[in-house]
Amino acid sequence: MKMLLIETATQVCSTVLASNGSIVAHRESSQPNAHSSLLAVFIDEMLREASLVPADLDAVCVSAGPGSYTGLRIGVSTAKGLCYALGKTLVSVPTLQSMAALYYRQHPDYHGLVCPMIDARRMECYTAVVDPNLEMLRPIGADVIEAGIYDRWLEAAPMVFIGDGAAKTRPLLGNHPNAIYDDNFVLSAEGMLPVAMRKLESGQTEDVAYFEPFYLKDFVAKKSVVHGLR
């Protein structure tokens, strides 16, 4: 089983080529606003590195969101285009679940909870609470970060906060003995692999024609603030 994994939900543009559950090649960049220029290049480089062509793929997995509207559109449109053109299977993984899976992969001795957080501006974050089995104990939501919001889980077990939205909880939870912060966490397509494999095995695939990213919030276009433009 050869699978391409695409992660573009945040500032990180990350791709992985996997074979039978093992990573064969990996490309990643945190260069701002570069997803559209890097994604196809990364995919081509990885396939060449593995001496494969696109038709050799069995499935394409994409990070489903929530996250950056533009980033998600780029990743999903690329994944759907490949699957449609090649007749391949499309799989999606919620971005927050992927973040938690990556953290557990990187910290095999950690058995507490993970709270992945993506900044949604102001005091809002896209967030969830995930256990070591990658089950979501608290469903994905766009939450206003306020006192007491995570008390139920913090009283039960240690919980690590990861992602670019985690800093918003520090003033409220930073002194809680079960609150842990990992400021070095960086999202990667690697996190999707265990969830994607599980979905493929259970037949949880997407309709290539109708699949859309999980935006969670409506896109709001802003007026230009460039001087001289009205």
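Up top is the structure.
Before going into details, it helps to say that this report is about the structure given with it. All values derive from a computational prediction rather than experimental measurement. (Residues numbered from 1 in each chain as written. Predicted model: local features only at pLDDT ≥ 70, side-chain atom pairs only at ≥ 80, totals over all residues. Heavy atoms only, no water.)

Burial within strand 4 (residues 59-63) is extensive, with 5 of its 5 residues counted as buried. What you see with strand 4 is no split at all: Ala 59, Cys 61 and Ser 63 on one side and Val 60 and Val 62 on the other are buried throughout. Relative to strand 4, strand 1 (residues 2-7) runs parallel, the two being bridged by 4 bridges. By the bridge assignment, Met 3 is partnered in strand 4 with Ala 59. Across 5 bridges, strand 4 lies against strand 5 (residues 89-93) in parallel orientation. For Cys 61, the partnering residue across the bridge sits in strand 5 and is Val 91. (Buried < 20%, exposed > 50% of the residue type's maximum accessible area, 1.4 Å probe, protein only. Helix = DSSP H or I, 4+ residues; strand = E, 2+ residues; numbered from the N terminus. Pairing = 2+ DSSP bridges.)

Looking now at the sheet that holds strand 9 (residues 159-162). As summarised here, the arrangement of the 5 strands in space is 8-7-6-9-10, forming an open sheet in which the pairing is mixed. Two strands bound the open sheet, and with one partner strand each, they are strand 8 (136-144) and strand 10 (179-181). Within the sheet, the average angular offset between the axes of one strand and its neighbour, ignoring direction, is 20°. In the packing of helix 3 (residues 95-106) onto the sheet, contacts are made with strand 6 (113-119), strand 7 (124-130), strand 8 and strand 9, and the angle to strand 6 comes to roughly 130°. (Axes fitted to C-alpha atoms, helices over the stretch in contact; angles between N-to-C directions. Contact = heavy atoms within 4.5 Å.)

With that settled, the discussion passes to helix 1 (residues 35-49). For helix 1, with 15 residues, the first-to-last C-alpha span of 20 Å sits near the 21 Å given by 1.5 Å per residue. Regarding helix 1, the residues found buried are His 35, Leu 38, Leu 39, Phe 42, Ile 43, Met 46 and Leu 47. What you see down the axis of helix 1 is that its buried residues fit within an arc of 160°, all on one side. Exposed residues on helix 1 whose side chains face more than 90 degrees from its buried face are Ala 40 and Arg 48. The inward-facing, buried residues of helix 1 contact strand 1, strand 2 (13-19), strand 3 (22-29) and helix 2 (69-86). Following helix 1 by one or two positions, Ser 51 adopts a phi angle in the positive range, close to 55°. (Expected span 1.5 Å × (residues − 1). Arc of directions from axis to C-beta.)

Time to look at helix 2. For helix 2, with 18 residues, the first-to-last C-alpha span of 26 Å sits near the 26 Å given by 1.5 Å per residue. Listing the buried residues of helix 2 in full gives Gly 71, Leu 72, Ile 74, Gly 75, Val 76, Ala 79, Lys 80, Leu 82 and Cys 83. Taken together, the buried residues of helix 2 touch strand 1, helix 1, strand 4 and strand 5. Note on helix 2: the residue one or two positions beyond its end, Gly 87, has a positive phi of about 70°.

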